[in-house]
Each structure stands twice: as C-alpha cells, then as structure tokens.
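Survey of secondary and tertiary structure
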Amino acid sequence: MTSTVPPRTTREWQAADAAHFLHPFTDFQSLAKKGSRIITKADNIYLTDSDGHRILDAMSGLWCVNVGYGQQALIDAATRQLKELPFYNAFFQTATPPAIELAELLSEVTPPQFSRVFFSGSGSEGNDTVVRMVRRYWDILGHPQRSVIISRNNAYHGSTMAGASLGGMSGMHAQGGLPIPGIEHIEQPYWFANGGDLGRDEFGRVAAGWLEQKILAVGPDKVAAFIGEPVQGAGGVIVPPDTYWPEIQRICDKYGVLLVSDEVICGFGRTGHWFGCERFGTRPDLMTFAKGVTSGYVPLGGVMVGDRIAKVLIEQGGEFEHGYTYSGHPVSCAVALANIRLIQELKLVERVRDDTGPYLAQVYTQLADHPLVAEAQTCGLMGALLLARRDAKGGRARPFAPEVGIGMVCRGHCFANGLIMRAVGDRMIIAPPLVMTRAQIDEMAALIRRCLDLTLADCHRNGWL
Ligand SMILES: *Cc1c(COP(=O)(O)O)cnc(C)c1O
C-alpha cells in the first residue's frame, strides 16, 4: 500500500495551506507567517505531525475523539456503509437502516424523556434546529410571542447565525451583526470571575437567580427557552457549582420555560455520565449533540426531542418546514452506531465515572500546588488550570496583565513539548480521549508540569510576576 499522503515537505504543505486554505477562527495573515502545523496521522491518543513528532492529544481533536484514534470498528462501519449505500436522504418519506437504528439506540442511551431525534450535520446546525423547534412549539400552542431564548455570556453554541447568536462570545458578536433578534444573555456561573466574596454553593444559587431576573425583565409570557452547556467547554471548562443547575431547573419549571441542554461536548461520557444533564441533575426538554456521537470520525449532529415537545409537533404541528440534506446521513449514522456500541462495550462512561475521572481529579489537585495555578478544576475527563500570579501562601491570586498572554505562552511550550493543551484566555484546558489510561494520565500530567515550569521560568525572566 502506498501512503495516502503525497511526499511533500512540511514547508511545501505550509505554503499550499497558506495560499488556499482559510482556517476557522484564525487570523489568516499571522498564521500564514508562522505556518500551520501539519498533522498527518494518529493512533489511540497520539498524533503525528509532518516532521514525525509524536504529540499527546489532550483535546481529543476538538473535544470529539472520545474513543481515541484508529478504532477498527468505526473504520469498518464506515467502509461497509459506503459500499452498501453511501447516501440517501430522509426528505422523500424515506429512511435508511443506519439512521433508524441510531435513532433507536439514542433513545436508549439518553434520559427517559427522550424517544425521538432530529438529525443535523453538526452542533451548530443542531442549535439552529433548537431555535426553530422551540419557536415552532410555542407557535403551535398559540403563543407565538413566546420566542425569546435566554443564554449566557461566554457560552459556545456554534458558529452559524443562530449558533453564534445563542453563544455569548463577544468577539463573535462583534462581527456580522450578531446576535439575531430574540436572544438574551445572562452572566455565566463562573465562580472565580463573578463569585465575589460568596461561597461556591451560594454563588451557584445567585447565578441561577439571574435567569429568574431575566425572565421577569423580558416577561415570562415572552420567554421560550433557556439554553446552556452543563459545563461550558470552549468558554474555558467552567464547571458550575453543584447548586446551579437544580435551581435553573426549578426556575424553568416555575415559568414553563423550556430547558435546552447543549450536550455537544458533555454528551457521550465526557463527564462520567452519558450526558451532562445526568451529572448535574436536570431534565432538559431538548438536548443538542454532535462531536462525541461519532467520536469525530465523520460529521454528525442532532437534537434529542423530549416527549413534551415531540407530542405537540407530531399531533398538532403539521409539516415542520426544516431539515438538512445530511439529516440522518447513513455513513455518519453507521459510524455513530459503531461508536456508541464501542463506548458501551469498553464501559467508557463507567470507567470515566469510577476510575479515570477521579484519578484525573487527584492529579489536578496536585497540579493546583504549582505556583502558577490559581484554580484547578475537573469534571469527568475535562480539566482546567487557571494561570495567575499567586502571592505567598494563601494570598488571593491576581490575574496576569492581558498583554502577557500567559495562556498563549504556556500553549507554546505545550506545542514544543509534544502536548496539545488549549488556552482560553488564562485557562489551560484539556478534554482527552475517554480511552486514556491511568498511565497515560500520569504521562500527560508530567508534560503539563514541565510546561508550567517552563512558563514560570519565562515569568521570572520577563518580570511578569
Ligand atoms: C462545538 C460546539 C458546538 C458547535 O458544533 P459544530 O459541530 O462545530 O457546529 C455547539 N455547542 C457546543 C457546546 C460545542 O462545544
């Protein structure tokens, strides 16, 4: 067999990349100057770049390769389906076996209120579907004015017009006239930034109370839904206090507001439960998923539709004028089936809940002793280290000057030392593949510590402390 990668040098790849490929969320000019890192292969939790370097991928690609790279069952499922039936749509009163079987299996692994799914091609599209669906729901029930969706600052719900509007990223809102009308935002449950002098639990209740204040300000008869990620992922792996979500649920129930859980990252075992809502104790009406549903091997997203909404759409709705060419793509669905069955077979959810998740928490407690780390948090197999200037013992940590860009400095060391760890502002975050072993967690922790030490040395050298 010949290699699928033509023999080009790294420089040749970079030149062609800079000439033709506009990357997502990228300053095109500055990347063109530096040159992309070209990833050519991967196995288990390790990537290989075009210079032959081995890199530990502590981000699972982009939060998605939950079963790790190179899983034969997923490769076989895709190959088989490509030969049998590479595509057929679900528009023409037709369906394909993989889409039907996946819908059935999703109903089994999701919480009991879900027995139906609407497929999309991505998480962003899934959230577009959410907007259409909650507004349609209230419309059918004779409340078309109930159209406002409440979300949170620093949330990430995708990059389409609706996804970016639901999200609370100020940089994204600053470009292209966002958010679209009818989306409101409240402050995020980020204790370190917004907690003031409150204890964590008390802050959780206060932060949830902001939802009630917003509902009252907008008018309860105008609010359609609240959407949130159980743990904010792209916002920096912000794990809310345990008091937060139950209070959000209570407030949604009180005003009849639909609760939407964006499980694109938290779904499929990431938190040590099948879905993040199960970890935090909510009963969402809709659940967006993508990423881990196929472990990223092929694109797929969708929305689990709770019985409360499905009943209205089905019995009173007539035609729902919405859908995507790739809603229920047979190859994506076949891979998702193989992926979910593999998660079940390897007991990955239980493993994260009972073994590797608690072990990562322990390792992060040790990393919290590092002089650069002001906060260390984990949830299942996700983690965040907040880098800040710590005073001698016990003092409150102070943030670095923004010009320092401490996160990017640390990320540079990670890149150079064979570790993919992402920087969100000053938070260094991970979401490694769920197949990761304890020994691999140790290997990752050693790399993280080395990169923190190198970053600390930079701080001393440059007088950033
Ligand atoms: C990644 C992500 C999305 C968007 O998914 P895409 O597949 O990139 O469109 C939506 N919500 C959350 C929570 C995400 O992390």
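Residues numbered from 1 in each chain as written. Predicted model: local features only at pLDDT ≥ 70, side-chain atom pairs only at ≥ 80, totals over all residues. Heavy atoms only, no water.

- The name an unreviewed UniProt entry gives the protein is Aspartate aminotransferase family protein, with Aquincola agrisoli as the organism.
- Quoted verbatim from the Sequence similarities (unreviewed entry) field of the UniProt record, the comment on the protein reads "Belongs to the class-III pyridoxal-phosphate-dependent aminotransferase family."
- Taken verbatim from the UniProt record of the protein, the Cofactor (unreviewed entry) comment is "pyridoxal 5'-phosphate". (UniProt positions renumbered as here; feature names shortened; annotations may be inferred.)

**Quick notes on the site of the ligand**
- Taken together, the residues surrounding the ligand are Ser-122, Gly-123, Ser-124, Asn-127, Tyr-156, His-157, Gly-158, Glu-229, Asp-262, Val-264, Ile-265 and Lys-291.
- The backbone of Tyr-156 places a nitrogen or oxygen atom 3.4 Å from a nitrogen atom of the ligand.
- Relative to its free-state accessible area of 380 Å², the ligand is covered by the protein chains to the extent of 84%.
- Of the residues forming the shell around the ligand, the biggest block, three residues, is contributed by helix α6 (residues 123-140). (Near = heavy atom within 4 Å. Polar contact = N/O pair within 3.5 Å; in protein donor to acceptor, adjacent residues only side chain to side chain. Areas by Shrake-Rupley, 256 points an atom, 1.4 Å probe, with all protein chains shown as cover. Helix = DSSP H or I, 4+ residues; strand = E, 2+ residues; numbered from the N terminus.)

**Here's the deal with the sheet that holds strand β8 (residues 258-262)**
- Read from one edge to the other, the open sheet built from seven strands follows the order β4-β10-β9-β8-β7-β5-β6, with strand pairing classed as mixed. Two strands lie at the open edges of the sheet, namely β4 (114-120) and β6 (183-186), each paired on one side alone. For this sheet, the mean inter-axis angle between neighbouring strands, taken without regard to orientation, is 25 degrees.
- Sheet analysis places β4 next to strand β10 (residues 301-306), joined by six bridges and oriented antiparallel. When the sheet's bridge partners are listed, Phe-119 is paired in β10 with Gly-302.
- Across the face of the sheet, helix α11 (residues 244-255) comes into contact with β5 (148-152), β7 (223-228) and β8 while running at roughly 170 degrees to β7. (Pairing = 2+ DSSP bridges. Axes fitted to C-alpha atoms, helices over the stretch in contact; angles between N-to-C directions. Contact = heavy atoms within 4.5 Å.)

**What to know about α11**
- Taking 1.5 Å of rise per residue, 12 residues should cover 16 Å, and α11 covers 17 Å from first to last C-alpha, within 8% of that figure.
- Along α11, the residues classified as buried are Tyr-244, Trp-245, Glu-247, Ile-248, Gln-249, Ile-251, Cys-252 and Tyr-255.
- Buried positions along α11 lie against β5, α10 (200-218), β7, β8 and α12 (276-280).
- The first or second residue beyond α11 is Gly-256, which carries a positive phi of 65 degrees. (Expected span 1.5 Å × (residues − 1). Buried < 20%, exposed > 50% of the residue type's maximum accessible area, 1.4 Å probe, protein only.)

**Observations concerning the pattern of salt bridges**
- Taken as a whole, this structure holds 15 salt bridges when the rule is applied.
- For Asp-285, the salt bridge identified is with Arg-308, shortest N-O distance 3.7 Å. Of this pair, Asp-285 sits in the loop between α12 and β9 (286-289) while Arg-308 sits in helix α13 (residues 307-316), placing them 23 residues apart in sequence.
- When its relative accessible area of 36% is taken as the criterion, Arg-308 is described as partly exposed. (Salt bridge = Lys/Arg side-chain N within 4 Å of Asp/Glu carboxyl O.)

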